[in-house]
Amino acid sequence: MTHDAHARKVLISSLIGSTVEWYEFFIYGTAASLVFDEQFFPQFDPLVGTLLALSTFAIAFVARPLGGVVFGHFGDRIGRKAMLVLTLTLMGGATFVIGLLPTYAQIGVAAPILLVLVRLVQGFSLGGEYSGAVLMSVEHAAPARRGFFGAVVNTGAGWGLLLANLMFLLVSQLPDDDFAAYGWRIPFLCSAVLVALGLFIRLRLDESPDFKAVQRKGAVRKVPVVEVLRGHPLRVVLMCLAYLSAGVTFYVGTVFSLAYGTEHVGASRDVLLGLVTMVNVLTIIAIPFFGWLSDRVGRKRVFLAGIVGMAVVPYAWFGLLGTADLPLMLLGFVLMFLPYAANYGVMPTLFAHVFPVGVRYTGMSVGYTLGTVLGSGLAPIVATFLLDRTGGWTAIALYMTGTAVVSFVAALFLRERGQDVLAGASPAGLESTK
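Keep in mind that this is a model prediction, so the values were computed, not measured. (Residues numbered from 1 in each chain as written. Predicted model: local features only at pLDDT ≥ 70, side-chain atom pairs only at ≥ 80, totals over all residues. Heavy atoms only, no water.)

Chemist: When you look at the overall build of the chain in this model, what are you seeing that I'm missing?
Modeler: The number of helices and strands found in the chain is 19 helices and 0 strands. Expected size for 434 residues packed as a compact globule is a radius of gyration near 22 Å; at 21 Å, the chain falls within 12% of this value. For the chain, the spread of C-alpha atoms along the principal axes amounts to about 60 × 45 × 40 Å. A total of 434 residues make up the chain; the buried ones form 60% of that total. (Helix = DSSP H or I, 4+ residues; strand = E, 2+ residues; numbered from the N terminus. Rg over C-alpha atoms; globule rule 2.2 N^0.38 Å. Buried < 20%, exposed > 50% of the residue type's maximum accessible area, 1.4 Å probe, protein only.)

As structure tokens, this is what we get:
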């Protein structure tokens, strides 16, 4: 098999595995917005119940940095492939268990406690998944195509959310009582099929050539996380902050919008799930395009342009969403998610080249997952809190703009290592491990 053919095989396998992981993660976010307040927190008023349900969604992001440290450490010591098999197994098992959990009505307070514990396992596994999937693809790709390869892997989030929303659209056709009784469990239980497929594919992969080169050179680090925190702390902080805007934009648009749209706009659950599904089809197409573009004009330019867009479009998005007119609502989602696609499409390859190869998995995992805690995990909670306190969406839009400003400034100072900054540059080499 030629190098290009093998690289494409790795890309497809990483995409499928990433899609499975994100599907499992997003069905939880959808269920937290639509049903978990009633199933696991029924003793509270609606606002508190919703906040508690969304808090269980955010808890997984707290576990992600720990997962990033653990899986990053072993990914830099024994290889990317083994960690990707383990993360998928953990995520799949936890997701299947959620579909079997008894509710508050059945076992009382033990139900939300079990939900939180299983959710922590989900977050722990996802903390090591993202960086490993990205690195497997980027490190197999030719230098002139690394932006495109990384972007394709990042469509896994869109494919995962698409599958999750399609599944919930399907089960939401059930009568409300049946949906509450058992319908919401179906997406969690069906994940077992996807996990089996993902494991079959990942077990057939070859190890990353960059990591093999580090092994041949005898440059494998003994404690990668120590080297990252001692030698590259500023890179970790800058990566964390550079991620914020994308995380806030995505989770306000896909998780918070479900509760906001039904309760404050008057849109139906099916309409909102349909809108999120349609805009994810757009991102699945747009993200690889921006990755391809970054191979030609430079990753930093596309990344920064996306942040600028995410800073200004929330005002239009909220305004168009508030019309409750389907075409205008769809236009708002398109306007908000195009700059997101530009930023997120470039992110994997940009982030992959921030740290030396020998600590790349660890450094990227720690920086990225810390960003998800501050950005993604807190976004639905902050948005819900601001809406309750102010009664309107302006404060939420300002919050989104503020995170974009922070991300823009951080990205200005974030530097890729000397190799492969633009298309056509020399491949990543062992000099980057020094």
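Chemist: Please explain the packing of aromatic side chains as it appears in this structure.
Modeler: Any aromatic ring pair is given by two values, namely how distant the centres are and how the planes are angled relative to each other. A full pass over the atoms with the stated rule returns 20 aromatic pairs. Plain terms: the ring middles of F71 and F124 are 5.2 Å apart, the flat faces sit at 55° to each other, and that makes the pair tilted. Taken together, the residues span a long stretch of sequence, with F71 in helix 3 (residues 46–77) and F124 in helix 6 (residues 110–140) at a distance of 53 residues. Residue classification places F124 among the partly exposed positions, given a relative accessible area of 22%. Ring pairs connect the aromatic residues F250, Y251, F256, Y260, W317, F318, F333, F337, Y340, Y344 and W393, which therefore count as one cluster. (Phe/Tyr/Trp six-rings, centres within 6.5 Å; stacked < 30°, edge-to-face > 60°.)

Chemist: Which parts of the structure should I look at to understand the packing of helix 4 (residues 80–98) against helix 9 (residues 186–202)?
Modeler: The angle between the axes and the distance between the axes are what describe a pair of packed helices. At a closest axis distance of 8 Å, the pairing of helix 4 and helix 9 adopts a crossing angle of 170°. Compared by their axis directions, helix 4 and helix 9 come out roughly antiparallel. Listed contacts from helix 9 to K81, L84, V85, T87, L88, T89, G92, T95, F96 and I98 of helix 4 are F188, L189, S191, A192, V195, G198, L199 and R202. The residue inventory of the contact of helix 4 with helix 9, partitioned by class, reads 10 nonpolar, 6 polar and 2 charged. (Axes fitted to C-alpha atoms, helices over the stretch in contact; angles between N-to-C directions. Parallel < 35°, antiparallel > 145°, perpendicular 65-115°, else oblique. Contact = heavy atoms within 4.5 Å. Nonpolar A, V, L, I, M, F, W, Y, C, P; charged D, E, K, R; others polar.)

Chemist: Mind showing me how you'd approach the nonpolar core here?
Modeler: Side chains that are nonpolar tend, in soluble globular proteins, to be buried together. W22, F36, Y251, F303, Y344 and F351 are the most contacted members of the largest nonpolar core, which has 118 residues in total. The biggest single contributor to this core is helix 12 (residues 233–265), with 15 residues. Setting aside anything within four residues of it in sequence, one finds W22 in contact with R64, L126, Y130, G156, A157, G160, Y251, Y344 and Y368. (Core = buried A, V, L, I, M, F, W, Y, C linked by side-chain atoms within 4.5 Å.)

Chemist: Just checking my understanding: could you explain the pattern of salt bridges for this structure?
Modeler: Two side chains of opposite charge can pair, provided their charged atoms sit close to one another. All told, the structure shown has 7 salt bridges when counted by the stated rule. When the shortest N-O distance is used, the salt bridge between D76 and R80 registers 3.0 Å. The partner of E227 in a salt bridge is R221, with the nearest N and O atoms 2.7 Å apart. Classification of E227 by relative accessible area gives partly exposed; the value is 26%. (Salt bridge = Lys/Arg side-chain N within 4 Å of Asp/Glu carboxyl O.)

Chemist: Please explain the packing of helix 12 against helix 15 (residues 314–321) as it appears in this structure.
Modeler: Look at helix 12 against helix 15: their axes get within 11 Å of each other, and the N-to-C directions meet at 35°. For the element pair helix 12 and helix 15, the recorded crossing hand is right-handed. On helix 15, the residues touching V252, G253, F256, S257, Y260 and V265 of helix 12 are W317, F318 and L321. Among the residues making up the contact of helix 12 with helix 15, the classes are represented as 7 nonpolar, 2 polar and no charged. (Left-handed = near helix turned anticlockwise from the far one by under 90°.)

Chemist: Would you take a moment to explain helix 15 for this structure?
Modeler: All of the buried residues along helix 15 are P314, W317, F318, L320 and L321. With its buried residues spanning 165° around the axis, helix 15 presents them on a single face. The elements touched by buried residues of helix 15 are helix 12, helix 13 (269–297), helix 14 (299–312), helix 16 (326–352) and helix 19 (394–413). (Arc of directions from axis to C-beta.)

Chemist: What is the right way to look at unusual backbone geometry in this model?
Modeler: What you tend to see is this: most non-glycine residues have negative phi, and most peptide bonds are trans. One non-glycine residue with positive phi stands out, namely A324, at about 60°. Within the secondary structure, A324 is located in the loop between helix 15 and helix 16.

Chemist: Help me understand helix 14, please; the structure alone is not making it clear to me.
Modeler: Since the α-helix turns once every 3.6 residues, residues separated by three or four places project in the same direction. The first and last C-alpha atoms of helix 14 sit 21 Å apart over 14 residues, in line with the 20 Å expected at 1.5 Å per residue. Considered for burial, the residues of helix 14 that qualify are R299, V302, F303, L304, G306, I307, G309, M310 and A311. Tucked into the core, helix 14 has its buried residues touching helix 7 (146–171), helix 12, helix 13, helix 15, helix 16 and helix 19. (Expected span 1.5 Å × (residues − 1).)

Chemist: What is the right way to read a nonpolar patch on the surface from this model?
Modeler: A cluster of nonpolar side chains, contributed by I107, V109, I113, L114, L117 and L120, occupies part of the molecular surface with about 490 Å² of accessible area. With 4 residues, the top contributor of residues to the nonpolar patch is helix 6. Secondary-structure assignment places L114 in helix 6. (Patch = residues over 30% accessible without salt bridge, like charges linked within 9 Å, V, L, I, M, F, W, Y side chains within 5 Å. Areas by Shrake-Rupley, 256 points an atom, 1.4 Å probe, with all protein chains shown as cover.)

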